[in-house]
Amino acid sequence: MVVPMTETQRKIGFLVCLVTIVLALLDLQIVSAATVPIVRDLDPGHGIDKIPWLVSAYALASAAMLPLYGKLCDVLGARRVFLGAVATFLLGSALCGAARSMDQLIAARALQGLGGGGLMSITMVVIAQLKGPGKSDGPAKGANTGGLVAGGAMAVGPWIGGLLADHADWRWIFYVNLPVGLAVLVTAALALRLPEHPVRRPLDYLGAGLAAAFSSALLLVTDWGGKKYAWTSPALLCLALTAAVTLALFLWRQVRAPEPVLPLSLFRIRELRLGFAVQAILGGAMMCAIYYVLVYLQVARGVASSSAGLYLVPMALGLAAAGMLTGPLTARGWSARTFTVSGTVTTALAFALLATTTGPGTSLWLVRGELLLAGAGFGQLVGQLMLLVQDSAPRHQLGVATTAVRFFQTLGNALGTAVFGSVLARLYAAHGPGGDITALARLTGASRAEGVRAFVDATQAVFWGGAALMALAALLALRLPGPGGAKDPSAPPRESEPVPA
């Protein structure tokens, strides 16, 4: 029997969750700003070729574990899985800081990613279960605050990484996790008292393996396509075929497994299938806003890489402001559907403004304002989508539904980055001098001016693509039921009892 948590323990647990989210997302972004000093220290001769794996190893391992984490939460209880994920993350962080070669660092990053995938997804399950008796706004507050903290960490991660790399040893990027993570581990072990499940059910390890194989193959296709390998190369075609086959096998397994890791019955609930779709689109759009705005600033405007990250601060401020507003309004009865529609429309408008105003001489303050608007749109979505899914999911499937949100966002990140990157490269190759974007840095005089203009035109097309994606997300959001709206008649029955404390 689980002893009910006191109000103080709930507040401590909620704070622990916020710190955990920051740890998870900072480590996903922070390394990108410190790759040069890492390579210079570990392998100045050949390490440059292994830089993509510093990010990919973490992302692949994180995405591969997400489906299994959700099922483990539903079977073993969120507290046990949360503590295991934090411990794995800390072990990986310690090994990253102690690495003496690029290969050791990449392997340690993969181990860190195994824990990091759980940190973000399981933490949202824990937040949902921290609801106190009679506190109807608990989940809303948790989802909104957790979402805006996650978005802020994603936006400022590269900047913090640059600061640590410039003014301290790069190993502190990983070592700084240890005292914070140990404090989280100890505090969570003492304070968290979450519902557990005495009934043990079999885990679908085959389904989890197929999901890991599919997501890994898909992420490799999007990471390598058009960069390391041509899109029509045998290596990319084999990876794409692997992704297709493993996806088909995964779906086949989920229909037949007694305890599937991602029950297809979840997609019979309208709020869930639409929420998953909007979350995937949001993942691609956020990568478009963060990554390609930074590329535009560095390539077209000559902003140093260490300074370009500061332009994400307005986006983080927009996220924070929107999160601070949506929380109280949700508590007053505003629906997740309202904020989902408003957030998608706001973000689509921000992308349209970026597409029509960014040029070789655009005011950088205007770019900051547009990023502020984009952050305000994202801030209405990142927490509300999680709240929408958690409110609509059957209670016994809260874990798999919550981690599915993160899983679809990860896939959206990968696909968005690949598609937008391919569009940018192909448009520049068709209209810009030098053949590809890498040649732009070597151009001078009129050729460089022509190249910058072609690059800006290609970037504007990317932003129009982001606007189109968010317009599609807005149309999907309009299909969500309103407050008290009729549920999908094909949806399975849901338990009415609250989450036990």
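Rules behind the numbers
Residues numbered from 1 in each chain as written. Predicted model: local features only at pLDDT ≥ 70, side-chain atom pairs only at ≥ 80, totals over all residues. Heavy atoms only, no water. UniProt positions renumbered as here; feature names shortened; annotations may be inferred. Helix = DSSP H or I, 4+ residues; strand = E, 2+ residues; numbered from the N terminus. Buried < 20%, exposed > 50% of the residue type's maximum accessible area, 1.4 Å probe, protein only. Contact = heavy atoms within 4.5 Å. Phe/Tyr/Trp six-rings, centres within 6.5 Å; stacked < 30°, edge-to-face > 60°. Salt bridge = Lys/Arg side-chain N within 4 Å of Asp/Glu carboxyl O. Axes fitted to C-alpha atoms, helices over the stretch in contact; angles between N-to-C directions. Parallel < 35°, antiparallel > 145°, perpendicular 65-115°, else oblique. Left-handed = near helix turned anticlockwise from the far one by under 90°. Nonpolar A, V, L, I, M, F, W, Y, C, P; charged D, E, K, R; others polar. Patch = residues over 30% accessible without salt bridge, like charges linked within 9 Å, V, L, I, M, F, W, Y side chains within 5 Å. Areas by Shrake-Rupley, 256 points an atom, 1.4 Å probe, with all protein chains shown as cover. pLDDT = per-residue confidence, 0-100. Expected span 1.5 Å × (residues − 1).

Looking at an unreviewed UniProt entry, one finds the chain named MFS transporter, with Streptomyces triticiradicis as its source organism. Taken directly from UniProt, the Subcellular location (unreviewed entry) text for the chain runs: "Cell membrane".

Attention now moves to the overall build of the chain. From N to C terminus, the chain includes 17 helices and zero strands. Burial statistics for the chain: of 501 residues in total, 55% are counted as buried. Pairs at least 24 residues apart make up 84% of the contacts formed inside the chain by residues separated by at least 6 positions.

Moving on, we come to the packing of aromatic side chains. Counted by the stated rule, this structure contains six aromatic pairs. Between W172 and Y175, the aromatic rings sit 6.0 Å apart at their centres with planes inclined by 80°, giving edge-to-face as the arrangement. Separated by three residues within a single helix, W172 and Y175 lie in helix α7 (residues 172-175), roughly one turn from each other. The class for Y175 is partly exposed, based on a relative accessible area of 27%.

All told, the structure shown has four salt bridges when counted by the stated rule. As a salt-bridge pair, D204 and R253 come within 2.8 Å of each other at their nearest N and O atoms. Of the two residues, D204 is situated in the loop between α8 (177-191) and α9 (205-224) and R253 in helix α10 (residues 234-256); the sequence distance between them amounts to 49 residues. Between R453 and D457 there is a salt bridge, with the nearest N and O atoms lying 3.0 Å from each other.

On to the packing of helix α11 (residues 270-299) against helix α16 (residues 398-431), then. Put simply, α11 and α16 touch, their axes get as near as 6 Å, and they point 45° apart. Here α11 is positioned oblique relative to α16, judged by the angle of their axes. As α11 packs across α16, the resulting crossing turns out to be right-handed. Contacts between α11 and α16 involve F276, Q279, A280, G283, G284, M287, C288 and Y292 from the former and A401, A404, V405, F408, Q409, G412, N413, G416, T417, F420, G421 and L424 from the latter. Its residues assigned to classes, the contact of α11 with α16 comprises eleven nonpolar, nine polar and no charged.

As a further point, take the packing of α11 against helix α17 (residues 445-478). Orientation of α11 relative to α17, taken along the N-to-C sense of each, is 165°, at an axis distance of 9 Å. If you check the angle between α11 and α17, you find them roughly antiparallel. Two packed elements cross with a definite hand, and for α11 against α17 that hand is left-handed. Residue-level inspection shows L274, A277, V278, I281, A285, C288, Y292, V293, V295, Y296 and V299 of α11 in contact with α17, the latter providing R448, F455, V456, T459, V462, F463, L469, M470, L472, A473 and L476. Of the residues belonging to the contact of α11 with α17, the class tally is 20 nonpolar, one polar and one charged.

Along the chain, G226 turns up in the loop between α9 and α10. Of the residues examined, G226 reaches a relative accessible area of 52% and is grouped as exposed.

Before going further, it helps to examine the environment of A99. With respect to the helices and strands, A99 occurs in the loop between α4 (78-97) and α5 (102-129). In this structure A99 comes out as buried when scored by relative accessible area, which is 1%. For the pair A99 and L42, spaced 57 residues apart in sequence, the C-alpha to C-alpha distance is 8.5 Å. When neighbours within four sequence positions are excluded, A99 is seen to be in contact with L42, Q104, L105 and R171.

In this section: a nonpolar patch on the surface. Taken together, the side chains of L241, V245, L249 and W252 present a nonpolar region at the surface, about 390 Å² in accessible area. For V245, the position within the fold is in helix α10.

Secondary-structure assignment places L54 in helix α3 (residues 51-76). Put simply, L54 and D103 are 49 residues apart on the chain and 9.5 Å apart in space, counted from C-alpha to C-alpha. When neighbours within four sequence positions are excluded, L54 is seen to be in contact with V31, T35, I38, M102, L105, I106 and R109.

Interpreting fine coordinate detail is not advised for predicted regions of low pLDDT. For the chain, per-residue confidence averages 80 on the pLDDT scale, and 81% of positions sit at 70 or higher. Confidence, read as mean pLDDT per element, is least for helix α6 (residues 138-167) in the chain (58) and greatest for α10 (93). Across residues 133-140, confidence stays below pLDDT 50; counting only partners more than four residues off in sequence or on other chains, it has eight contacts. In the model, residues 486-501 has pLDDT below 50 throughout and makes 30 contacts with residues more than four positions away in sequence or in other chains.

To continue, consider α16. Between the first and last C-alpha of α16 there are 50 Å, a value that for 34 residues agrees with the 50 Å anticipated at 1.5 Å per step. α16 sits mainly inside the fold: 24 of its 34 residues count as buried.

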